[in-house]
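# Coordinates in review
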Amino acid sequence: IQSLLLFTVLFLLIADYLKTRRPSSFPPGPWALPFVGNIFTLLLFFQTSLQLAETYGDVYSLRMGQTWMVVLNGFQMLKEALVTQGDSLADRPILPLQVDISHHLGVIISNGHLWKQQRRFALSTLKYFGVGKNSLEHAILDEFTYSAKDVTVHKGKRFNPHLIINKTVSNIICSLVFGHRFEYEDEWFIELIKRFDNDLYMDRPTPPLLYNSFPLLMRRLPGPHQTVQQFWSEVKDMIRSEIKEHKKDWNPAEPRDYIDCYLTEIQMRKGDAESTFDEENLVICVMDLFAAGSETTSTTLRWAFLYMAKYPEIQEKVQAEIDRVIGQSRQPSMMDRANLPYTDAVIHEIQRIGNIVPLSLPHSTNRDIQLGDYTVPKGVVIIPNLTSVLFDKREWETPYTFNPGHFLNEEGKFVKRAAFIPFSAGKRVCLGENLARMEIFLFFTSFMQQFTFSMPAGTKPVLDFRYGLTLAPAPYEISATLR
Ligand code: HEM
């Protein structure tokens, strides 16, 4: 029995070595353990990703179980890969957890023809609802009035802004996809946003990593990953019920929202063999818009309040600029942005230093490509390390300091910086970038116009983070005083 065991172990080791040995002319990286690869490095990857770049250079490789990954670092390398060679990197890898949740549908993890059709449709629908009198700008300003009421209730006393902000920004996605907002006390709404809340995924890189490395085993094992799966399946049921309601009074001539437009698209393309539009895809697309579009914007605003409390002199300058340009008698509008260079610079700096999607989403090569000195074969997972760009010392004067001056010239005018890529770049660049920028600008300026944020007496702002769906501030309490 002993020799059989020894033979089996030896056989597995050799098979693992032959199957997963580093391909020739492949980027270097730390030594990988048999079977599990660099799983221990990956568990702390967000913290160590920059040190690895110092050791191995802007392109290095790691192994997750049996899967090879190449990590790209620095502005020049990401630009070369995502923009110049964008077509070769436009795919998403087929990772078991994501496939089990979304079944290759929707926008975020789909590929090829299906992805192109769904992305194009989502972009044009966002554009459609972004203009006109029922525009999303109007929805955002309207939503602010509800949000401000909930903040005012605390009368300047300490409170945790997390849930209020989640409700505020989730209602914008609700306006877009469901055509209406929800009252903040609505139980259905509260249940929905709970399932996209960062806290659910906080400090839990292990389950997705293990799930994607050992899917056959993990699918059978109980654990937190099963709860998350259960939550996603409940979300799908909730979205299906909204679609059912929509169908009752849907009028193709007067689309109210994303779901109405999608139902029309399904009908129009009936009989078209190329069509990827059906109700199951609609459910996943809606889920994608919530997953990608609520916690991200909410996290950014939560960083914004914390930075303003930490740097009261910067907050005062923002408020002074808003008072001068907008005053107190009307709400801000997108037209004001060009006249608020300091505020705009502060928002950009919050996004840069907040770095809320530090490793972007994974891409995958769809042909053999050359990256720097290395050849990366087709089918390799690519991690665009956005952290390495947003903190690239070759691009930013003071990368680790909160410095709105990164986006201002000597005359105080706003300047665009190419290395500002919190939304990534290239073919898969964030689909909601324009909406997100509009939300962040309008919510931030509206809050600054009406409130002053400060730390509750006796406390200091701590810029600690937790890593879940996004890189978010650790839970904190703040005071918001009416101006
Ligand atoms: C993808 C960032 C808000 C929808 C992404 C990616 C990043 C990102 C880094 C990955 C890009 C890549 O793979 O190269 C952010 C940030 C946001 C934000 C920082 C807010 C501050 C939004 C909003 C929406 C949205 C509001 C929805 C309306 C999406 C979708 C994708 C995506 C659907 C997948 C695109 C694709 O695979 O083609 N986002 N996002 N995002 N984002 Fe955003």
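The chain is annotated in an unreviewed UniProt entry as Cytochrome P450 2J2-like of Myripristis murdjan. The record held by UniProt for the chain lists under Cofactor (unreviewed entry) the comment "heme". Listed under Subcellular location (unreviewed entry) in UniProt, the entry text for the chain is "Membrane".

The number of helices and strands found in the chain is 19 helices and 10 strands. In terms of overall dimensions, the chain is globule-like: its C-alpha atoms have a radius of gyration of 24 Å, near the 23 Å expected for 483 residues. Classification of the 483 residues of the chain by burial places 40% in the buried group. For the chain, long-range pairs separated by at least 24 residues make up 73% of all intrachain contacts whose partners lie at least 6 apart in sequence.

Okay, the site of the ligand next. Near the ligand you find 25 residues, and of these Ala 292, Gly 293, Ser 424, Cys 430 and Gly 432 are the closest. Breaking the shell around the ligand down by element, the ones donating at least two residues are helix H14 (279-293), helix H15 (295-310) and helix H19 (433-450). Among the elements that make up the shell around the ligand, the one with the highest residue count is H14 (4 residues). Looking at the shell around the ligand residue by residue, the class counts come to 15 nonpolar, 7 polar and 3 charged.

Mapped onto the present numbering, the UniProt feature "binding site: heme" (unreviewed entry) falls on Cys 430. Positionally, Cys 430 belongs in the loop between helix H18 (386-390) and H19. If sequence neighbours within four positions are ignored, Cys 430 has contacts with Phe 423, Ser 424 and Ala 436.

Let us now look at the pairing of strand E1 (residues 59-64). Here E1 lies mainly inside the structure; 6 of its 6 residues are buried. Neither face of E1 is open: one carries Val 59, Ser 61 and Arg 63, the other Tyr 60, Leu 62 and Met 64, and all of them are buried. When E1 meets strand E2 (residues 67-72), the two strands line up antiparallel, connected through 6 bridges. Counterpart to Ser 61 in the pairing with E2 is Val 70. Taking the residues between adjacent antiparallel strands as the criterion, E1 and E2 are bridged by 2 residues, where Gly 65 takes a positive phi near 60°.

For the rest of this paragraph, the subject is the packing of helix H7 (residues 136-152) against helix H8 (residues 162-178). For the pair H7 and H8, interaxial distance at closest approach is 10 Å and the crossing angle is 155°. Classed by the angle they form, the pair H7 and H8 counts as roughly antiparallel. You can see that H7 and H8 cross each other, and the crossing is right-handed. Contact with H7, carried on its side by Leu 136, Ala 139, Ile 140, Glu 143, Ser 147, Asp 150 and Val 151, involves Ile 164, Thr 168, Asn 171, Ile 172, Ser 175 and Leu 176 of H8 and no other residues of that element.

Glancing now at the environment of Leu 72. Considering the arrangement of structural elements, one finds Leu 72 in strand E2. Classification of Leu 72 by C-beta neighbours within 10 Å gives buried; the count is 28. Contact partners of Leu 72, with chain neighbours within four places excluded, come to Asp 58, Val 59, Met 77, Leu 78, Ala 81, Ile 382, Ile 383, Pro 384 and Asn 385.

Let's shift gears to H15. Compared with the 22 Å implied by 1.5 Å per residue over 16 residues, the 22 Å span of H15 between its first and last C-alpha is a close match. Among the 16 residues that make up H15, 15 are buried, leaving the element largely enclosed by the rest of the structure.

What counts and what doesn't
Residues numbered from 1 in each chain as written. Predicted model: local features only at pLDDT ≥ 70, side-chain atom pairs only at ≥ 80, totals over all residues. UniProt positions renumbered as here; feature names shortened; annotations may be inferred. Helix = DSSP H or I, 4+ residues; strand = E, 2+ residues; numbered from the N terminus. Rg over C-alpha atoms; globule rule 2.2 N^0.38 Å. Buried ≥ 20, exposed ≤ 12 C-beta atoms within 10 Å, placed from the backbone. Contact = placed C-beta atoms within 7 Å. Near = placed C-beta within 6 Å. Nonpolar A, V, L, I, M, F, W, Y, C, P; charged D, E, K, R; others polar. Pairing = 2+ DSSP bridges. Axes fitted to C-alpha atoms, helices over the stretch in contact; angles between N-to-C directions. Parallel < 35°, antiparallel > 145°, perpendicular 65-115°, else oblique. Left-handed = near helix turned anticlockwise from the far one by under 90°. Expected span 1.5 Å × (residues − 1).

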